[in-house]
Amino acid sequence: MFEKVQRTKPELGGAEENLAAARTRLMAQIHEVREPARVRSARGPWLLAAGVIGVAAAVTAGVLIAGDLTAPAPTVEAVPTRAPGATLQPTPEPTEEPLTASKVLQGAAQTALTSSGPVAGEGQYLRVEHATEQLVLYDAAGEHTVFDGSRAGATAAWVVRGRYITYIPADRDGEWVRVFEAGRTVVALYGTDAQQHQEEWSAEILDEDFIIRTPGGIHESYPGSTEPNEGSDAYYALMPRDPQALVEWFRSSLTGTEPANMDSAIIWGIVQTLELNAAPADLRAALYQALDLLPGLEIVSTEGAVVTLAFEPQSPLDWRETVTIDRATGLLVASARTFGEGSPIVPDSVPNFRLTNTISVVDSAP
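Residues numbered from 1 in each chain as written. Predicted model: local features only at pLDDT ≥ 70, side-chain atom pairs only at ≥ 80, totals over all residues. Heavy atoms only, no water.

S.K.: Hey, could you run me through helix α7 (residues 243-253) in this one?
M.R.: In an α-helix, one turn spans 3.6 residues; hence positions three or four apart end up facing the same way. Those residues of α7 not exposed but buried are P243, L246, V247 and F250. End-on view of α7: buried residues confined to an arc of 105°, all on one side of the axis. Considering only its buried residues, α7 is in contact with α8 (262-275) and α9 (281-291). Put simply, D242 is the residue that caps the front of α7, since its side-chain oxygen is 3.3 Å from the backbone nitrogen of Q244. (Buried < 20%, exposed > 50% of the residue type's maximum accessible area, 1.4 Å probe, protein only. Helix = DSSP H or I, 4+ residues; strand = E, 2+ residues; numbered from the N terminus. Arc of directions from axis to C-beta. Contact = heavy atoms within 4.5 Å. Polar contact = N/O pair within 3.5 Å; in protein donor to acceptor, adjacent residues only side chain to side chain.)

S.K.: I tried to follow the packing of aromatic side chains on my own but got confused; where do I start?
M.R.: Within a pair of aromatic rings, the relevant descriptors are the distance that separates the centres and the angle that separates the planes. This model, assessed by the stated rule, comprises 9 aromatic pairs. Centre to centre, the rings of Y164 and F180 are 5.2 Å apart; their planes meet at 15°, and the pair counts as stacked. Residue Y164 is located in strand β4 (residues 156-169), and its partner F180 is located in strand β5 (residues 175-180); the two are separated by 16 residues in the primary sequence. Given a relative accessible area of 16%, Y164 falls into the buried group. Arranged with centres 5.1 Å apart and planes meeting at 90°, the rings of W249 and F250 form a pair that is edge-to-face. These aromatic residues form a ring-pair network of at least three members: Y138, F147, W158 and W201. (Phe/Tyr/Trp six-rings, centres within 6.5 Å; stacked < 30°, edge-to-face > 60°.)

S.K.: Got a minute to help me understand a negative patch on the surface in this structure?
M.R.: Residues E122, D171, D173 and D233 make up a contiguous surface patch of negative charge. If you trace the backbone, E122 turns up in the loop between α4 (101-114) and β3 (125-138). (Patch = residues over 30% accessible without salt bridge, like charges linked within 9 Å, V, L, I, M, F, W, Y side chains within 5 Å. Areas by Shrake-Rupley, 256 points an atom, 1.4 Å probe, with all protein chains shown as cover. Salt bridge = Lys/Arg side-chain N within 4 Å of Asp/Glu carboxyl O. Lys, Arg positive; Asp, Glu negative; His and termini not counted. Charge placed at Lys NZ, Arg CZ, Asp CG, Glu CD.)

Note that all results are geometric; they support no functional claim without further evidence.
Pasting the structure below:
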């Protein structure tokens, strides 16, 4: 009841007069309930009305009498006092510390160690479905092809959705299968003659599904190489589990990269490794912690347990990477890359490439 009084915060006008009147009423009620002739049944305990205490918050007594009045009176804690005219302040509710990008990555690292997501059993496959969105930029003066323009120079553009699927065997030394589906859907058009140019583009691309099968990994090493196939247990064993050492491992493997672009290249390499969702749990944890060591990191959106982070390191590439992490599973569920900005026809919010992953376990592969 005292806590309720504290939360009531009564507005008192003429505080001294009100307090004096309240004391008088309170003492009268105390006197009344102590008169033997007015003893009530034990079935109806007396409790001072909360309204009386609310008005006379400075009074430091409350009485609870039940049954035999000769029993010792219980000890009653005093109501907190305040100066006339002052307002009792409620105890502030505990507040949760704000979420930061570093907390998201460190939390994902811890979750990765305890929640690996779907796991393929013997003879099964981990099926990773990659839904894609690709921004095609048309520029008649393109250096290599008219369909590979820049944001600044493109006169038309469109976004195409597609899909490819990776089947990862439970036995990583087994056959890996990738299915690239020909079906594509144009979901956005920008600029002059976009419809005409996207039809020209569609006529040049592959119009049937194709399958790539590789033993022991997603990419085979080139002939004569002693390096393990990408995605194999041996390949992941090469990567350090210490976050700082892992950053240096990527740095040393990116030979030929301009120093000014190195941070961007390392981030890209780490994200691509996470996108496949094939790395063992301890390595996934280290990859998240390695990302936390790199610059230009911020939270851009939060939806329940799903958080999207952006990396925008300073480099001549004018490049922005976003990753979407499910904090409940520690899995990277989406990523996007954007090159350049300020296009006269394409909004900056439209990335050049977006990948969304869905993971399940199946009994067979195509």
